[in-house]
Amino acid sequence: MVADWTQMGAHAASLGCDAIILAAPDERARVSKIPIYQDLAPQPGASAELPDPRFDNAERDASRESVEKDVADAKARGVTGFRCLTPQLLSAADWAAIISSHSDCRFLAWTPGLPPDELASLAGAGFANVFDSLAWWDARRAWYVEEAWRLAAVAPAIATLEAPGAPRSASSHTENEREAAARLRIALAGNLGAGMLVPMGYEFGARHPLDAARGTAEEWEWLQENAPYDLSGALRDANAAIASRGTTKASLMPVSGPDTAILALLRHTAAGSQSTLILANTDPLRTLTLDPGAVPPDVSPALAGVGRLSLHGAEVRTLSLPAPTSILGASRGQDGARDAAAAPRVAIEAERPSVDDGRFAVKRTLGENVRVEVDLITDGHEKIGAVLQWRAADETEWQELRLAPSGNDRWFAEFPLLRLGAYRFRIQAWPDAFASFADGLAKNSKAGVPVTLSLEEGRLLLAKAAEGKSGPLAALATRLLAADEAERLAVLQSGETAALMAAADPRPLLAQSGEYGVDSERTAAGFAAWYELFPRSQAGDGKRHGTFADVIAQLPRIQAMGFDTLYFPPIHPIGMKARKGRNNSLTAAPDDPGSPYGIGAAEGGHDALHPELGTLEDFARLRAAAAEHGLELAIDFAIQCSLDHPWLKAHPGWFDWRPDGSLRTAENPPKKYEDIVNVDFYAEDAIPSLWLALRDVVLFWAEQGVRCFRVDNPHTKPLPFWEWMIAEVRAAYPDALFLAEAFTRPKLMYRLAKLGFSQSYTYFTWRNTKVELTDYLTELTTTAPRDFFRPHFFVNTPDINPFFLQTGGRPGHLIRAALAATLSGLWGVYQGFEYCEAAALPGREEYLNSEKYQLRAWPDRAQGDIVDEIARLNIIRKTNPAMRSHLTLEFHDAANDQVLWYRKATPDRSNVVFCAVSLDPHQVQESAVDLPLWQWSLPDDGSVEVEDLFTGERFRWQGRRQSLRIDPAVRPFAIYRIRPAEAA
């Protein structure tokens, strides 16, 4: 193309190029001042296979000879290097011979598109370089990095900006993208390649192939004068970057995933002293931002101090990642060695149960056996001695029990909870020398290995253990002195000897775990059925204020439904200032009773009773009558005050007064409580007097015989207060229970449980679909909360009238009752639920004519009520031990997403109950369900005896898959007690 080869060489050299490759031979190569390379191709038919002695290799030899002749002819014309096309057509050995014969020339293998096996066959051929496939890469796919690793095994790779003779890349982009795309490829080549292959005119955006040997000078000059852009500077920079890296080998590792807009690659040098992070915006036009948090930790030091990094369209940026520095420690020499030699040889890990590594107590109930599991790890083949130790908090002596191995270095033991209150447990472990000896003796004896010396070693172990002692162990040691070999073997392998040696073990190199707490609470902490009512609404006519005597009249009805806990909202005097009217109106009529949560009036505060309910003597009579009906009373502990509360005058320093002398009323956005104010726990005058006063309120009611406290909104009060207050109360009344009414963030709910709350309201109220219910219960039963969080499934509350109940009618109420009563050991209803009362304020989950603001009249029965079904559910709960905890729950497959199918079972499977609940209150639902016969060790066609616990019907199911049909108009659930037919 250019008649003056000096000019052509000067242009190439100005770009940083060190050679020109010609597609065909040209005599002018002799006069070029820049090295000229030429394309070289073996003749078709040549084979890369190893020579086969059974055949004539004349054809293969002729091909090699032809290549050598072409090389010699080209060298005679001044050519000093070759781009070897289709290099796979000759074997590596042939190429090695050719290349070694012409050591004054460079041989470059054209490798784009070669299959991996053919590329691998070129290893050892001696090529100076290979070519990569950058020209075909979109800078997003993963294959380029994979190719780079394969090419590196053959030779350093030259980056291919464009394949010679192929359609020009400038013609494949839109006009506004061409320059940016070309600039991106040049920058990538400069950072990724050991060189660059630059087809003629690439820097000027040439859109047609150019031939240096056959083109004209005019064509070249026209291209330069009419170029849409000139990237000569970019090429010079890229070649300079390649030259500065030299020939040091490097590897590429992707940092970003495939198909990400910002490419991130890490280039490691062979020496490993320096790494470079290469970032490229693959979008030619848009500026993109890289979040440093999106890169792996080992790369983040390169972005230190950079923050969010913006890259313009097609921009490539490199960041240095220096070699890490080391943190050196100080040697303790002989002291360190002595301490290490005295350290425990058994590692104690993964202790369970544990809440936050022992920071909080595990929750269990009285009479349970606490199963403790732990990993015990030691070196070599030593046997381990290990004990579980436990004690009640008011005891000083530890009881202990040997741990037993359960496999894979896991050990276990159990201890019983025989008292209410706090327990502590810990693990001790040590290398058991005698057990190790006995194990080796047994193995050698069985294998027929002589054991005379071993028997003497065993005798010495007994003698050392018996030193200074009398009794059975000393007698055994004396006996072994005169015993023959057979007697020694029998004694040393006996269980009696093992027990005596275990008791005498000095436990050398003893390892001891930290101490862990267990909170032993009474059964009602985990298994109870609560019924909530407003005592003031029990008069029967909605006009007269109810009394405790009226509540006594309701006890037989509540008992008949099977409830065992009767819960009252606040029963204290109610303030007059800002008293709420009906349906939460801000103006109260003269006869409106106000909200019971507006606690405090002239008659008293939290330790007083509303005078219209009765006296303390009346309350005591109610408590005694409830006990006679198998009911325990629970009251509300709500830390808030009406504007008439005596504390406002007696202790103004307990409140947060505003600059104008007013008090900010309480709110829980978007709800506002204009009739109450909150105390300030951290006011200067409140510490410790307010904290003590609140504790004493609970202690006062405990003295009146109350042991169940439902706490209103505990998540809005200081966490340290609850941990302290609950511990104080339970120190005096270990049987006290606290229910947290905390509809808040999950982790805050869990923290309250850890701090001491026995039970908690839950998100069950808003979990209606199969996925929602299974996910939530799986979290509660299989993850960390299982050890400290007891879910109380209230189906409704005075504050919450769920939309599901508003629209589900009688079947909807039955569905929620069945789910609550069977999924958890704790469930509750607020009066009106049994009558399917669901009238709501429009568009809100609140009851119309809410009992929080007015008196109501409730019947004993109502048309279409579910009183009988509730009673039956509670009987089923009480007569099936498997129903007493949510931790016995396991979900099984039901083919219909509207059907929930689950099982509850005792650990020994003596009581197994299956529940099928339709989640659709309107339509009949049918489903195939999976019956886990394998859990009874039955085959898939095995049989089980089934008892319908609602109808009493008994029948047999055979086979693993069963079909159910659930009609909400009849009953939207079924409960079955199941056992193997063989055991029926």
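Definitions and cut-offs
- Residues numbered from 1 in each chain as written.
- Predicted model: local features only at pLDDT ≥ 70, side-chain atom pairs only at ≥ 80, totals over all residues.
- Heavy atoms only, no water.
- Helix = DSSP H or I, 4+ residues; strand = E, 2+ residues; numbered from the N terminus.
- Rg over C-alpha atoms; globule rule 2.2 N^0.38 Å.
- Buried < 20%, exposed > 50% of the residue type's maximum accessible area, 1.4 Å probe, protein only.
- Contact = heavy atoms within 4.5 Å.
- Areas by Shrake-Rupley, 256 points an atom, 1.4 Å probe, with all protein chains shown as cover.
- Lys, Arg positive; Asp, Glu negative; His and termini not counted.
- Charge placed at Lys NZ, Arg CZ, Asp CG, Glu CD.
- Core = buried A, V, L, I, M, F, W, Y, C linked by side-chain atoms within 4.5 Å.
- UniProt positions renumbered as here; feature names shortened; annotations may be inferred.
- Expected span 1.5 Å × (residues − 1).
- Pairing = 2+ DSSP bridges.
- Axes fitted to C-alpha atoms, helices over the stretch in contact; angles between N-to-C directions.
- Salt bridge = Lys/Arg side-chain N within 4 Å of Asp/Glu carboxyl O.
- Patch = residues over 30% accessible without salt bridge, like charges linked within 9 Å, V, L, I, M, F, W, Y side chains within 5 Å.
- pLDDT = per-residue confidence, 0-100.

Of regular secondary structure, the protein possesses 23 helices and 42 strands. The C-alpha atoms of the protein give 43 Å as radius of gyration, which overshoots the globular expectation for 984 residues (30 Å, by more than 25%). By its C-alpha atoms, the protein is 125 × 100 × 70 Å across when sized along the principal axes. Across the 984 residues that make up the protein, the buried fraction comes to 51%. Pairs at least 24 residues apart make up 72% of the contacts formed inside the protein by residues separated by at least 6 positions. With an accessible surface of roughly 44400 Å², the protein has 52% of that area assigned to carbon and sulfur atoms. Charged side chains of the protein number 100 positive and 128 negative; the gap between the two group centres comes to 3 Å.

This part takes up the nonpolar core. In this structure, L376, F415, F563, F738, L819 and W827 are the most contacted members of the largest nonpolar core, which totals 130 residues. With sequence-adjacent residues up to four places away left out, F563 is seen in contact with A529, W530, Y531, I558, G630, L631, W827, V829, I870, N874 and K878. In this structure, W137, A139, A234 and A314 belong to the second largest nonpolar core, which totals 31 residues.

Here G517 is to be found in strand β23 (residues 516–521). Linking G517 and R359, residues 158 residues apart in sequence, is a C-alpha distance of 8.2 Å. Excluding residues within four positions of it along the chain, G517 makes contact with F360, A361, V362, Y423 and R424.

The subject of this paragraph is the UniProt feature "site: Transition state stabilizer" (unreviewed entry) in the protein. As annotated in UniProt, the feature "site: Transition state stabilizer" (unreviewed entry) corresponds to D799 in the numbering used here. Here D799 is to be found in the loop between β33 (791–794) and α22 (803–823). Apart from residues lying up to four places away in sequence, D799 is in contact with K671, E741, E845, E846 and K852.

It is worth spelling out helix α6 (residues 178–192) at this point. Over its 15 residues, α6 runs 21 Å from end to end, which matches the ideal 21 Å to within 8%, given 1.5 Å per residue. With 12 of 15 residues buried, α6 is to be regarded as a mostly interior element.

This brings us to the pairing of strand β34 (residues 826–830). The side chains of a regular strand alternate between the sheet's two faces. The element β34 is extensively covered by neighbouring structure, given that five of its five residues are classed as buried. Burial along β34 is two-sided: the face carrying L826, G828 and Y830 and the face carrying W827 and V829 are both buried. Sheet topology note: the strand β24 (residues 528–532)/β34 ladder contains five bridges and is parallel. Paired with W530 across the strands is G828, a residue of β34. In this sheet, β34 lies alongside β33 in parallel orientation, the contact comprising three bridges. Along β34, the bridge assignment pairs F793 with W827.

Taken together, four strands build an open sheet; the order of strands is β14-β16-β20-β19 and the sheet is antiparallel. Two strands close off the open sheet at either side, each with one partner strand: β14 (347–352) and β19 (404–407). Shown here is a sheet whose adjacent strand axes are inclined to one another by a mean of 35°, direction ignored. As paired elements, β14 and strand β16 (residues 369–377) share four bridges and run antiparallel to each other. Bridge pairing in β16 places A347 opposite I377.

With that settled, consider the sheet that holds strand β27 (residues 641–642). Taken in spatial order, the three strands of this open sheet run β27-β29-β28, and their pairing is antiparallel. Whereas interior strands pair on both sides, the edge strands pair on one side only; in this sheet they are β27 and β28 (665–668). In terms of strand pairing, β28 meets strand β29 (residues 671–677) through four bridges, oriented antiparallel. Across the sheet, T665 pairs through a bridge with V677, a residue of β29.

The feature "domain: Glycosyl hydrolase family 13 catalytic" (unreviewed entry), as annotated in UniProt, sits at residues 532–877 in this numbering. With 33% helix and 13% strand, residues 532–877 has its two end C-alpha atoms placed 19 Å apart.

Checked against the element boundaries, E532 lands in strand β24. The buried charged residue E532 lacks any salt bridge, with R710 as its nearest oppositely charged partner at 5.6 Å. If we ignore the near neighbours within four places in the chain, the residues touching E532 are Y567, P569, F794, T797, P798, V829, Y830 and Q831.

As a further point, take a negative patch on the surface. Taken together, E218, E219, E221 and E225 make up a surface patch of like negative charges. Among the structural elements, E221 can be located in helix α7 (residues 217–225).

Across the protein, the average pLDDT comes to 92, with 95% of residues at 70 or higher. Across residues 45–56, where pLDDT falls below 50, the model places 16 contacts with residues more than four positions away in sequence or in other chains.

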